[in-house]
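# An overview of the molecular structure
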Amino acid sequence: MALPGAALSAQGLRHLRAVPGAGVVRVLAHGECGLRVTAEITAYLAAQSAGQCGPCRNGLPTLATRFEQLVHGVGDPAEIARVARLVEGRGACHHPDGTARLVRSALEVFADEVARHRHGHCVAGAPARTEYCDERTASPAHRLDPLRRPGGVQ
């Protein structure tokens, strides 16, 4: 979404009823998959929590796993939004709030891409449906680890 005349600041975005969050901007390269990038960022944020409260200890890893499933075409956007609502406003700090806002925003902004992934396609040209390891049924050696998967956040 283009925001002509809007500055990346609290004051510059106020008239849009928006906030800059952490003030970090991740620009997507032409043809880069916004869902995949959001999954990587969400996994990174889940790993960066202090683990001091339920939303950080349980909610953020769940959000990261569910979003990763979405990238592979098997996730449920409604379930991801539900978990994001459960996380937001319940943490000891605002770290889970920002992560939940990122996830909800991505579901909205990349809604067309969500639909493509659910049908096995990706705007980046790579197949959305790849071998996916379900952590509930996989052996410990093969469980999904978003921080160590090929192409993931290192």
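This write-up is about the structure you can find in this document. (Residues numbered from 1 in each chain as written. Predicted model: local features only at pLDDT ≥ 70, side-chain atom pairs only at ≥ 80, totals over all residues. Heavy atoms only, no water.)

### Examining the overall build of the protein
When helices and strands are tallied, the protein shows six helices and zero strands. Along the protein, helices (α) and strands (β) appear in the sequence α-α-α-α-α-α when read from the amino end. Burial statistics for the protein: of 154 residues in total, 34% are counted as buried. Of all intrachain contacts in the protein linking residues separated by at least 6 positions in sequence, the fraction that spans at least 24 positions is 56%. For the protein, the accessible surface area stands at approximately 9,400 Å², while carbon and sulfur atoms represent 54% of it. (Helix = DSSP H or I, 4+ residues; strand = E, 2+ residues; numbered from the N terminus. Buried < 20%, exposed > 50% of the residue type's maximum accessible area, 1.4 Å probe, protein only. Contact = heavy atoms within 4.5 Å. Areas by Shrake-Rupley, 256 points an atom, 1.4 Å probe, with all protein chains shown as cover.)

### Considering the state of the cysteines
On inspection of all chains with the given rule, the structure shows zero disulfides. With no disulfide of its own, C33 lies 3.6 Å from the sulfur of C122, the closest cysteine sulfur. On the basis of relative accessible area, C33 is assigned to the buried category, the value being 3%. Note on C93: no disulfide assigned, nearest cysteine sulfur contributed by C56 at a separation of 5.1 Å. (Disulfide = S-S within 2.5 Å.)

### Quick word on helix α4 (residues 77–87)
Looking at α4, one finds that the buried residues are P77, I80, A81, V83, A84 and V87. Down the axis of α4, the buried side of the element spans an arc of 160 degrees, and every buried residue falls inside it. Facing away from the buried side of α4, by more than 90 degrees, are the exposed residues A78 and R85. On its buried side, α4 packs onto α3 (54–71), α5 (95–109) and α6 (111–118). Looking at where α4 begins, the residue whose side-chain oxygen comes 3.1 Å from the main-chain nitrogen of A78 is D76. Directly beyond the C-terminal end of α4, a positive phi value near 80 degrees is found at G89. (Arc of directions from axis to C-beta. Polar contact = N/O pair within 3.5 Å; in protein donor to acceptor, adjacent residues only side chain to side chain.)

### Re the pattern of salt bridges
Between side chains of opposite charge, a pair can form as their charged atoms come close. The full count for this structure, using the stated rule, is five salt bridges. We note a salt bridge from E32 to R26, for which the minimum N-O separation is 2.8 Å. We classify E32 as partly exposed; its relative accessible area is 28%. Residue classification places R26 among the partly exposed positions, given a relative accessible area of 43%. (Salt bridge = Lys/Arg side-chain N within 4 Å of Asp/Glu carboxyl O.)

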